[in-house]
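# Structural characterization, general
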Amino acid sequence: MQGKPRWLCEHANMLHIDQAVLDQVSSELQAYVYLLVDPGSGVPFYVGRGHGLRHAVHVAEALVPFEEDAGERSRKLTRIDEILAAGREPEVWILRYGLRPGEYTAVEAAAIDLLMSFPILSNGTVRPTLPLAFAEQITNARREQARGHGVTLLQSLIDEFAAPPLTTMKPLLLITLNGLEEIPAGQSIAGGRVRYSAGFKPEWLTSAVRRQSFAEIGESVSAWWRLKPDEVAAWGIEYVVAVHRGVTRALFRIVPDSWEFDTSGRNKNGDPIRYTAFQVDVVESGSLFEEIVGAYGRRVPALPPGAQNAIGYWPRRAKR
């Protein structure tokens, strides 16, 4: 087979991705290692490495490797055609990105060795094929730090950079959620509920999975913060937004009169610190949801240098 595979061209025509978005994704990726995954079986069938998106006319150019012999290319394209014939498209997973040249060669080699050495087992259970969706198969208590550049779907990165800016004038409480923290013993939150994790799960970067997990995201958003209900009321705020990596991800209505407090914490002087929690109702449709979150989220302007507070108010202005 010569030239670009048919699915690459069809994918590009379908997406109509803006060149500015591709350039942003290219800048974010830098040197990276990727997997081609069969969406039917969830099994990777190819490991490759690349630089950015080579500022190509479409995202699929990222799949053109630096070094690939004719036999390897033929096997890859045959597998792609088989997936297309089944009415599916190969998924592109970014395994690691933002790498140095020596790093991405080592990551590619390790991934190939791993996938060639161990059988991929299935117990017949149908589950979503998503990055880190089968974490329980490994007994490691943690993942090595990936500097925010861990495994992700390429489409999730594209969606992130395609997110339009947040322009609503609706007063909002913005809460930034970072990496996931497991809470094995459980933690009480407002309304007599208990949560067993807090933060933002990697799989929630995928829009379809995130929509199914709004209630769980709401548990992360709703507790425990150094937040003053009187200040929230002074801003005229009724809604809280979950933000991750500078993009709005979910919208919730703060349940009136649901505020609860915890003063068991102490600062370095031994004085009590008051932490606040509240209950929320999920908002997953309607004009307000589309205005604030929508299909791709809305990009929130970066805070000034040095500002790292997880709590923010919208529209941004001096606090009252």
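Look a little higher up for the structure.
Below is a short write-up of the structure. (Residues numbered from 1 in each chain as written. Predicted model: local features only at pLDDT ≥ 70, side-chain atom pairs only at ≥ 80, totals over all residues. Heavy atoms only, no water.)

## A few points about the nonpolar core
The biggest cluster of nonpolar side chains holds 38 residues, and the ones touching the most others in it are L173, I175, I217, V221, V240, L251 and F278. Going through the elements one at a time, β5 (172–176), α7 (214–221), β8 (239–244), β9 (247–254), β12 (280–283), α9 (287–292) and β13 (311–314) are the ones with two or more residues in this core. It is β8 that provides the largest number of residues to this core, a total of five residues. Among residues more than four places away in sequence, those in contact with F278 are L173, I175, A190, R193, V221, S222, W225, L227, V240, I254, S258 and W259. In this structure, I80, V92, Y97 and F161 belong to the second largest nonpolar core, which totals 19 residues. (Core = buried A, V, L, I, M, F, W, Y, C linked by side-chain atoms within 4.5 Å. Buried < 20%, exposed > 50% of the residue type's maximum accessible area, 1.4 Å probe, protein only. Helix = DSSP H or I, 4+ residues; strand = E, 2+ residues; numbered from the N terminus. Contact = heavy atoms within 4.5 Å.)

## A short note on unusual backbone geometry
Only a minority of non-glycine residues have a phi that is not negative, and only a minority of peptide bonds are not trans. The omega torsion of the bond from W314 to P315 falls at -5 degrees, within 30 degrees of zero and hence cis. Note on placement: P315 falls in the segment after β13. At Q30, a residue that is not glycine, the phi angle is positive and equals roughly 50 degrees. Located in the positive-phi region is R245, a residue other than glycine, with phi close to 55 degrees. For R245, the location among the structural elements is in the loop between β8 and β9.

## A word on the sheet that holds β12
Sheet architecture is open: five strands sit in the order β12-β9-β8-β5-β13, paired in mixed fashion. Here the strands that pair on one side only, and so sit at the sheet edges, are β12 and β13. Strand-to-strand twist of the sheet, defined as the mean angle between neighbouring strand axes without regard to direction, takes the value 35 degrees. Relative to β12, β9 is paired through four bridges, and the arrangement is antiparallel. Bridge assignment links R253 to a residue of β12, and that residue is D281. Strand contacts of α7: β5, β8, β9 and β12, with the helix running at about 80 degrees to β9, the strand carrying the most contacts. (Pairing = 2+ DSSP bridges. Axes fitted to C-alpha atoms, helices over the stretch in contact; angles between N-to-C directions.)

## A closer look at the side chain of E108
Note on placement: E108 falls in helix α4 (residues 101–117). Classification of E108 by relative accessible area gives buried; the value is 15%. Not counting residues within four places of it along the chain, the set of residues in contact with E108 comprises V33, V47, G48 and R49.

## So, the pattern of salt bridges
Where charged atoms from two side chains of opposite charge approach closely, those side chains can pair. All told, the structure shown has five salt bridges when counted by the stated rule. Linking E103 and R100 is a salt bridge whose minimum nitrogen-to-oxygen distance equals 2.8 Å. Judged by its relative accessible area of 56%, R100 falls in the exposed class. A salt bridge links K201 to E216; its shortest N-O distance comes to 2.6 Å. On the criterion of sequence distance, the pair formed by K201 in the loop between β7 (193–198) and α6 (207–212) and E216 in helix α7 is long-range, its members being 15 residues apart. Overall, K201 belongs to the buried group, its relative accessible area being 18%. (Salt bridge = Lys/Arg side-chain N within 4 Å of Asp/Glu carboxyl O.)

## Some details on the environment of V283
Relative to the helices and strands, V283 is located in strand β12. Once residues lying within four places of it in the same chain are set aside, the contact partners of V283 are Y239, L251, F252, R253 and F289.

## Points about the side chain of S197
Its location among the elements puts S197 in strand β7. Filtering out sequence-adjacent residues up to four positions away, S197 remains in contact with L180, E181, E182, I183, E216 and S220.

## Considering the environment of G179
Here G179 shows up in the loop between β5 and β6 (181–189). G179 gets classed as exposed once you look at its relative accessible area, which sits at 57%. Note: C-alpha distance between G179 and H244 (65 residues apart in sequence) is 9.1 Å. Beyond its immediate stretch of four places on either side in the chain, G179 contacts A198, G199 and F200.

## Observations regarding the environment of S264
Tracing the sequence through the fold places S264 in strand β10 (residues 260–266). By relative accessible area, S264 is classed as exposed at 58%. Linking S264 and Y275, residues eleven residues apart in sequence, is a C-alpha distance of 8.6 Å. A distance of 2.7 Å separates a polar atom in the side chain of S264 from a polar atom in the side chain of D262. (Polar contact = N/O pair within 3.5 Å; in protein donor to acceptor, adjacent residues only side chain to side chain.)

## Some words on the packing of aromatic side chains
All told, the structure shown has six aromatic pairs when counted by the stated rule. Taken together, Y32, Y34 and Y46 form an aromatic cluster joined through their ring pairs. (Phe/Tyr/Trp six-rings, centres within 6.5 Å; stacked < 30°, edge-to-face > 60°.)

## Some remarks on α4
Helix length check: α4 (17 residues) gives 25 Å between terminal C-alpha atoms against 24 Å at 1.5 Å per residue, within 8%. Within α4, burial applies to Y104, E108 and A111. Down the axis of α4, the buried set is contained in an arc of 70 degrees. They therefore lie on one face. In α4, the exposed residues that point more than 90 degrees away from the buried face are G102, L114 and M116. Buried residues in α4 make contact with β1 (31–38), β2 (43–51) and β3 (91–99). (Expected span 1.5 Å × (residues − 1). Arc of directions from axis to C-beta.)

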